[in-house]
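Residue strings, one per chain:
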Amino acid sequence: MKPSPLLEQNLRTLRTLQPLLAKKIEERLSAWQDLPEPQIREVRNGRWISGLSPVPFFQHPVEARRDKRLARKSLFLLLGVGAPPYLFHRFRSLPKGTLGVVVFEPNLDLLIHTLNLTSVYLAVPEGCHLSFLVSADVPDIREAMDVNIRPMGSYIVADAEFLLHDGETEAFGGVFRQMRDGFLREVRAHIDMLGNSPEDTLLGFRQMVLNLPWLLTTPD
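Quantities reported herein were computed from a predicted structural model and do not represent experimental measurements.

Colleague: Provide a residue-level description of the pairing of strand β5 (residues 100-104), including the pertinent values.
Modeller: Burial within β5 is extensive, with five of its five residues counted as buried. Here β5 shows no split at all, with G100, V102 and F104 on one side and V101 and V103 on the other all buried. In terms of handedness, the path from strand β4 (residues 75-79) via helix α3 (residues 86-92) over to β5 forms a crossover that is right-handed. The pairing of β5 with strand β6 (residues 129-133) spans five bridges and is parallel. Considered in β6, the bridge of V103 is made with F132.

Colleague: Give me the lowdown on unusual backbone geometry, citing residues and values where you can.
Modeller: Following P84, the chain continues to P85 via a peptide bond in cis, the omega torsion being 10°. Position of P85 relative to the elements: it lies in the loop between β4 and α3.

Colleague: Go over the layout of surface pockets with me, naming the residues and quoting the values.
Modeller: Reported here for the largest pocket is a volume of approximately 240 Å³. Tallied by class, the residues present in the lining of the largest pocket amount to four nonpolar, one polar and five charged.

Colleague: Quick rundown of the pattern of salt bridges? Include the residues and the values.
Modeller: Enumeration according to the criterion identifies 14 salt bridges in this entry. In this structure, the salt-bridge partner of R150 is D146, at a minimum N-O distance of 2.5 Å. One connected set of salt bridges, linked through shared partners, spans D67, R69, K73, D159 and E161.

Colleague: Summarise the packing of aromatic side chains; cite the residues concerned and give the values.
Modeller: With the rule as written, the count across this model stands at four aromatic pairs. Measuring from ring centre to ring centre gives 6.3 Å for F57 and F172, while their planes differ by 75°; the resulting arrangement is edge-to-face. With F57 in strand β3 (residues 57-59) and F172 in the loop between α7 (166-171) and α8 (173-194), the pair connects residues that are 115 residues apart, well separated along the chain.

Colleague: Describe a nonpolar patch on the surface, with residues and values.
Modeller: Together, F162, L164 and L184 make up a nonpolar patch on the protein surface, roughly 220 Å² of accessible area in all. Examined against the element boundaries, L184 turns out to sit in helix α8. Under the relative-accessibility criterion, L184 is labelled partly exposed at 34%.

Colleague: I'd like to hear about the sheet that holds β5, residue by residue, with values.
Modeller: Hydrogen bonding along the main chain pairs the strands of a sheet, whether they run parallel or antiparallel. Ordered in space as β6-β5-β4-β7, the four strands form an open sheet in which the pairing is parallel. Each edge of the open sheet carries a strand with a single partner, namely β6 and β7 (161-164). Looking at each pair of strands side by side, their axes are set apart by 20° on average, direction ignored. In terms of strand pairing, β4 meets β7 through four bridges, oriented parallel. What sits directly across from L79, in β7, is L164.

Colleague: An account of the packing of helix α1 (residues 5-17) against helix α2 (residues 19-30) is requested, with residue identities and associated values reported.
Modeller: Running from N to C, α1 and α2 point in directions that differ by 140°, and their axes come no closer than 6 Å. When the axis of α1 is compared with that of α2, the two are oblique. Residues L7, L11, L14, R15, T16 and L17 of α1 form the contact with α2, whose participating residues are P19, L21, A22, I25, E26 and L29. Its residues assigned to classes, the contact of α1 with α2 comprises nine nonpolar, one polar and two charged.

Colleague: Tell me what's going on with α1, and back it up with residues and numbers.
Modeller: Taking 1.5 Å per residue, 13 residues should reach 18 Å; α1 reaches 19 Å between its end C-alpha atoms and fits that length. By the burial criterion, the buried members of α1 are L7, N10, L11 and L14. Looking down the long axis of α1, one finds its buried residues gathered within 105° of arc, a one-sided arrangement. Facing away from the buried side of α1 by more than 90 degrees, the exposed set consists of P5 and T16.

Colleague: Describe empty space enclosed by the protein, listing the residues and the values that go with them.
Modeller: Counted under the stated rule, the structure contains one cavity of 30 Å³ or more. In this model, the largest cavity occupies a volume close to 40 Å³. Its residues assigned to classes, the lining of the largest cavity comprises five nonpolar, two polar and one charged.

Criteria and cut-off values
Residues numbered from 1 in each chain as written. Predicted model: local features only at pLDDT ≥ 70, side-chain atom pairs only at ≥ 80, totals over all residues. Heavy atoms only, no water. Buried < 20%, exposed > 50% of the residue type's maximum accessible area, 1.4 Å probe, protein only. Helix = DSSP H or I, 4+ residues; strand = E, 2+ residues; numbered from the N terminus. Right-handed = clockwise from strand over helix to strand, strands pointing away. Pairing = 2+ DSSP bridges. 1 Å grid on protein atoms, 1.4 Å probe; cavity = no way out; pocket = protein on both sides within 12 Å on 5 of 7 lines; lining within 4 Å. Points joined across faces, edges and corners; volume = space filled by probe spheres on them. Nonpolar A, V, L, I, M, F, W, Y, C, P; charged D, E, K, R; others polar. Salt bridge = Lys/Arg side-chain N within 4 Å of Asp/Glu carboxyl O. Phe/Tyr/Trp six-rings, centres within 6.5 Å; stacked < 30°, edge-to-face > 60°. Patch = residues over 30% accessible without salt bridge, like charges linked within 9 Å, V, L, I, M, F, W, Y side chains within 5 Å. Areas by Shrake-Rupley, 256 points an atom, 1.4 Å probe, with all protein chains shown as cover. Axes fitted to C-alpha atoms, helices over the stretch in contact; angles between N-to-C directions. Parallel < 35°, antiparallel > 145°, perpendicular 65-115°, else oblique. Contact = heavy atoms within 4.5 Å. Expected span 1.5 Å × (residues − 1). Arc of directions from axis to C-beta.

See the structure below:
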């Protein structure tokens, strides 16, 4: 398969938002003449996907239908990109008010295949900030957080909704757990830098406001 215009379009955005990840993808692409394609076997209840991952995984059909249960959520953590058009339908099913999406995908080849066939940044709801995480390495986690977690405030992660690709998380559950745990540790570390607890941070802010009249008149 030849690289599509969609892949370059996605990479242009990725170079701006996540240069570390863009570099990893470009290094991977430089080793190929043509993009490898997955082998897809259609069965009664879905598809078996192989060829781009260490072992095959199963993918159930997904429709681009909004789930009313998720209407009040604003941050989503998606584990697994699957094979197109899976991610497109997942994005289209998100509430219109979604503010951020972090996509966890440890298999770089699967991610490249999705980026080659899906206009990912246009598929998410308008105003939503999208980032991708491909490993549990701290630099990768921090880069992904810089796109949509830090600007919104790390506390939003407490109410995030996890959406799992059942087949991938079953086949590669250990890797996804490492990525999830590393991500949550880094979020917690960022929160701890703000204060010992949310209450402590708010108390400190209140104290500054109460002291403001004296700070303005007696700066010494």
